[in-house]
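So you can see what is in the structure, the chains are spelled out below.
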Amino acid sequence: MATVPTIEWESDADLVVIGGGIAGLTAARTAVARGLRVLVLAKGGPLDTATHYAQGGIAVVAPQGDSVTSHVRDTVDAGAGLCDPAAVRSVVGGGPHAVAALTRLGAVFDTRADGAVARTREGGHSTRRVIHAGGDATGAEVQRTLNAAGLPVLFGTAARDIVTGPNGIHGVVVLSDKGFGVVHTPAALLATGGLGQLYASSTNPPGATGDGIALALRAGAAVADLEFVQFHPTVLYTQGGRGRRPLISEAVRGEGGVLVDADGNSVTAGVHPRGDLAPRDVVARAIATRMRALGTDHVYLDARAITGFGQRFPTITGSCRAAGIDPEAELIPVAPAAHYQCGGVVTDPHGRTPIPGLYAAGEVARTGLHGANRLASNSLLEGLVVGARVGAAAAERRGVRVRVRDIPARVDHAADRRLLQQLMTDHASIVRDRAGLDEAHERMKAGMAQHRTLRAKAAETTERGPEAHPPAELFAGIEDTALTLAAQTVLLAAAARTESRGCHTRSDHPDPDDLLRQSFSVRLDDDGHPVLSR
Ligand code: FAD
Ligand code: SIN
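These figures come from a predicted structure and were not determined experimentally. (Residues numbered from 1 in each chain as written. Chains lettered and ligands numbered in written order. Predicted model: local features only at pLDDT ≥ 70, side-chain atom pairs only at ≥ 80, totals over all residues. Heavy atoms only, no water.)

A. Highlighting the overall build of the chain. Per the secondary structure count, the chain includes 15 helices and 25 strands. In terms of overall dimensions, the chain is globule-like: its C-alpha atoms have a radius of gyration of 22 Å, near the 24 Å expected for 534 residues. Along the longest, intermediate and shortest principal axes, the C-alpha atoms of the chain span 65 × 50 × 45 Å. Buried residues in the chain amount to 58% of all 534 residues. Across the chain, the fraction of contacts at a sequence separation of at least 24, relative to all contacts at a separation of at least 6, is 74%. Counting only carbon and sulfur atoms, one obtains 52% of the accessible surface of the chain, whose full area is about 20200 Å². Averaging the positions of the 54 positive and the 56 negative side-chain charges in the chain gives two centres separated by 4 Å. (Helix = DSSP H or I, 4+ residues; strand = E, 2+ residues; numbered from the N terminus. Rg over C-alpha atoms; globule rule 2.2 N^0.38 Å. Buried < 20%, exposed > 50% of the residue type's maximum accessible area, 1.4 Å probe, protein only. Contact = heavy atoms within 4.5 Å. Areas by Shrake-Rupley, 256 points an atom, 1.4 Å probe, with all protein chains shown as cover. Lys, Arg positive; Asp, Glu negative; His and termini not counted. Charge placed at Lys NZ, Arg CZ, Asp CG, Glu CD.)

Here is the structure:
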């Protein structure tokens with residue numbers, strides 16, 4: 001049954017930023033500096049972002065021994081034929097300026113003994129260009145800096161819908177502790193992060209439920225490249241671990257850590273000339289292959305030869321110790337886990353979508369930077385560069401007068417979250433095939449019908465309509481609906497891509513197909529079902 005929320009409050013802004021991570025807060029800062037009235041919505045608290053957890057660092061062209069051309073080449077190589085070279089050049093070229101702005105705001109990056117900024121190397125990079133903070137706590141420093149900038153953020157407030165009209169964006173429907181509200185605005189930025197919670201185990205925080213994908217699709221925007229879900233090769237393995245799992249940064253391999261199996265054999269020898277520092281998709285696949293061959297669910301990272309490990313990687317040391325492992329004396333058990341959504345809402349390198357006033361930046365966006373596989377530490381870079389550009393671009397909409405008059409009725413389709421995560425983990429992870437993708441799709445559809453019946457029964461027995469449920473349940477409803485639509489979109493695109501490319505590996509189509517060297521985009525049809533076009 002279609003529902004329209006009862007609106008309890010209203011507000012106005014020149015720009016609504018949905019998301020309080022690196023992309024959202026950077027955009028908000030630029031827009032405030034231009035005199036825009038900005039409202040930032042963040043579903044969680046100030047540290048409930050992927051940004052806060054980022055470890056390795058920010059990839060940015062080094063002043064010496066590096067060049068934009070070299071960083072572009074590494075990015076395009078990792079992207080396996082699907083990067084947009086102009087977008088790559090644009091974002092990479094904007095890096096040094098964007099990092100300088102963050103430093104002026106107060107971010108402190110690690111330095112070497114001679115006072116120069118320290119740079120590490122990660123998978124797919126041809127040189128040491130990744131700057132970091134607090135050893136392996138780069139994201140915490142970035143988030144701390146942006147949180148301290150005094151921006152107007154409403155925490156615990158979720159965007160439910162974007163309302164469009166004849167001249168583009170008219171407003172955002174929001175759920176807060178005051179109930180549902182409407183913010184009238186001519187400009188909205190989706191900066192909602194990724195969709196790691198589609199899988200049973202992920203590096204992502206609990207709020208990474210693909211909300212921005214659902215908001216964009218329902219607003220009429222297109223998403224692309226969503227079949228390319230990046231699995232990080234090295235996430236701390238503990239038996240039965242689900243939900244957000246601690247990351248073991250690629251920088252550990254950059255500093256000399258090596259991947260071995262239980263017999264002490266290298267996992268990546270002979271797989272790629274860069275060995276353990278090959279692009280992420282290559283290393284994750286090599287680990288999955290070895291695990292399958294040995295019938296195990298993890299391999300090991302040997303970091304014992306790294307001097308001063310505890311000082312260089314304090315966050316990782318803490319996570320290992322909490323799991324009873326001493327990384328300076330023991331092997332670290334690791335396995336791949338869902339980490340990053342390479343595709344997203346289709347934008348230009350300034351974060352603009354074709355819908356006037358609708359922008360996307362950060363992990364939720366698909367600018368063309370990442371192609372079929374993101375290069376390590378290019379995400380914080382993109383959030384900084386494109387976020388700042390959106391803050392400036394949104395000024396174009398200042399003075400466009402809009403008012404939300406009608407809130408569109410909506411039918412929510414949601415599968416049970418645990419079922420959905422299991423289906424995606426079993427059938428749409430590092431290696432997929434047609435039969436598994438079809439099975440996931442069918443079982444999800446059946447799960448949606450069953451979930452709807454259970455929810456209707458619960459509403460009947462408590463004699464409450466869905467609107468009377470406490471906010472926690474309404475919040476979960478927004479997330480489950482988004483997860484379900486995002487999962488359907490990933491499955492649709494993954495089934496259509498009958499080849500292997502970047503982080504999309506099909507065991508039934510093991511090679512790349514030149515005819516498919518193009519992005520697939522997905523929109524909703526008039527009935528709200530995702531449809532794919534090439
Ligand atoms: P996020 O930082 O995830 O913020 C999303 C925001 O949106 C949150 O405030 C959330 O509450 C809010 N939100 C979501 N839905 C809604 C809604 N419906 N309504 C209101 N608010 C909503 N990248 C690198 O470049 N270098 C690294 O070293 C690195 N390390 C990483 C380590 C880990 C463990 C993880 C998980 C990721 C790492 N990444 C790294 C990736 C990178 O951190 C993220 O891609 C990036 O921080 C995303 O930033 P963002 O601003 O797009 O989203
Ligand atoms: C890491 O530190 O390995 C994560 C870096 C990234 O995701 O870019």
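B. Region of the structure containing the site of ligand 1. In the vicinity of ligand 1, 38 residues are found, and the nearest of them are T51, G57, E363, S379 and L380. Between I22 and ligand 1, the recorded distance is 3.2 Å, taken from a backbone N or O atom to an oxygen atom. The contact in question runs from an oxygen atom of ligand 1 to an N or O atom on the backbone of A23, over 3.0 Å. Elements that contribute at least two residues to the shell around ligand 1 include exactly α1 (22-33), β3 (38-42), α2 (50-53), β8 (158-165), β18 (332-341) and α12 (378-393). (Near = heavy atom within 4 Å. Polar contact = N/O pair within 3.5 Å; in protein donor to acceptor, adjacent residues only side chain to side chain.)

C. Local environment of the packing of aromatic side chains. Scanning the model with the defined rule gives two aromatic pairs in all. Above the plane of the ring of F520 lies R497, whose end atom (NZ or CZ) is 4.0 Å from the centre. Here the guanidinium or amino end of R534 rests over the ring plane of F520, the centre of that ring lying 4.8 Å away. (Phe/Tyr/Trp six-rings, centres within 6.5 Å; stacked < 30°, edge-to-face > 60°. Lys NZ or Arg CZ within 6 Å of the ring centre and 35° of its normal.)

D. Looking closely at the pattern of salt bridges. In the structure shown here, the tally under the stated rule is 33 salt bridges. Measuring nitrogen to oxygen at the nearest pair gives 2.9 Å for the salt bridge that ties R129 to D74. Of this pair, R129 sits in the loop between β5 (119-120) and β6 (130-131) while D74 sits in helix α3 (residues 68-78), and the two are 55 residues apart along the sequence. D74 matches R129 in its accessibility class, with the two residues each being buried. Between R290 and D261 there is a salt bridge whose closest N-O contact spans 2.8 Å. (Salt bridge = Lys/Arg side-chain N within 4 Å of Asp/Glu carboxyl O.)

E. The arrangement of α12 in detail. Taking 1.5 Å as the rise per residue, α12 with 16 residues should run 22 Å; its terminal C-alpha atoms sit 22 Å apart, in good agreement. Summarising burial for α12: 14 of the 16 residues are buried, a large majority. (Expected span 1.5 Å × (residues − 1).)

F. Just the sheet that holds β5, in detail. With respect to topology, three strands assemble into an open sheet ordered β4-β6-β5, the strand pairing being antiparallel. A strand with exactly one partner marks an edge of an open sheet, and here the two such strands are β4 (58-59) and β5. With two bridges connecting them, β5 and β6 associate as antiparallel partners. Counted as the bridge partner of T120 is V130 from β6. (Pairing = 2+ DSSP bridges.)

G. Examining the nonpolar core more closely. Counting residues in each nonpolar core, the largest one holds 57 residues, and the members touching the most others are I18, I162, L190, L198, Y199, V345 and M424. Contacts of L190, omitting those with residues within four sequence positions, involve I18, I162, G212, L215, A216, V345, L358, Y359, A360, A361 and V364. (Core = buried A, V, L, I, M, F, W, Y, C linked by side-chain atoms within 4.5 Å.)

H. Expanded view of the side chain of Q143. With respect to the helices and strands, the residue Q143 is situated in helix α6 (residues 138-147). A distance of 2.9 Å separates a polar side-chain atom of Q143 from the backbone oxygen of G20. Beyond its immediate chain neighbours, meaning those up to four positions away, Q143 contacts G20, G21, L25, P46, L47, T49, T51 and H52.

I. Main features of the pairing of strand β25 (residues 530-533). Both strand β24 (residues 521-524) and β25 contribute to a ladder of four bridges, which runs antiparallel. Bridge assignment links L524 to a residue of β25, and that residue is P530.

J. Examining the site of ligand 2 more closely. Surveying the vicinity of ligand 2 reveals the residues Q55, G56, E122, H232, L247, S249, E250, R280, H339, R374, A376 and S377. The side chain of H232 places a nitrogen or oxygen atom 2.7 Å from an oxygen atom of ligand 2. A distance of 2.7 Å is found between an oxygen atom of ligand 2 and a side-chain nitrogen or oxygen belonging to R374. Taking 260 Å² as the accessible area of ligand 2 by itself, protein coverage stands at 92%. Taken together, the residues that form the shell around ligand 2 break down as two nonpolar, six polar and four charged. (Nonpolar A, V, L, I, M, F, W, Y, C, P; charged D, E, K, R; others polar.)

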